[in-house]
Amino acid sequence: MHADVHHLLHAARASELQCDATAFRRPRTSLRTRVGWTLVEVGLRLTTQSREATAPRTAAFHPA
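Caption draft 1: Highlighting the pattern of salt bridges. Summed over the entire model, instances satisfying the criterion amount to two salt bridges. Between R13 and E16 there is a salt bridge, with the nearest N and O atoms lying 3.3 Å from each other. You can see R13 and its partner E16 sitting in helix α1 (residues 3-23), three residues apart, about one turn around the helix. Among the ionic pairs, E41 bridges to R45, the shortest N-O distance being 2.8 Å. Here the residue E41 and the residue R45 both occupy positions in helix α2 (residues 31-47), the gap between them amounting to four residues, near one helical turn.

Parameters and conventions
Residues numbered from 1 in each chain as written. Predicted model: local features only at pLDDT ≥ 70, side-chain atom pairs only at ≥ 80, totals over all residues. Heavy atoms only, no water. Salt bridge = Lys/Arg side-chain N within 4 Å of Asp/Glu carboxyl O. Helix = DSSP H or I, 4+ residues; strand = E, 2+ residues; numbered from the N terminus.

Shown next as structure tokens:
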């Protein structure tokens, strides 16, 4: 196979693969959106912890 034919076949296949890859690319999200969803996830994890881990330590204090 001549080098020119090999190069043409390689270029054609590369362009096909690149077109296919752009069809499956996820849309880019802004940094603000990603940070916001991360904060939402952290907040949900904090609110779903067990009650014993988040209970205030005022049970031992008895006012006179």
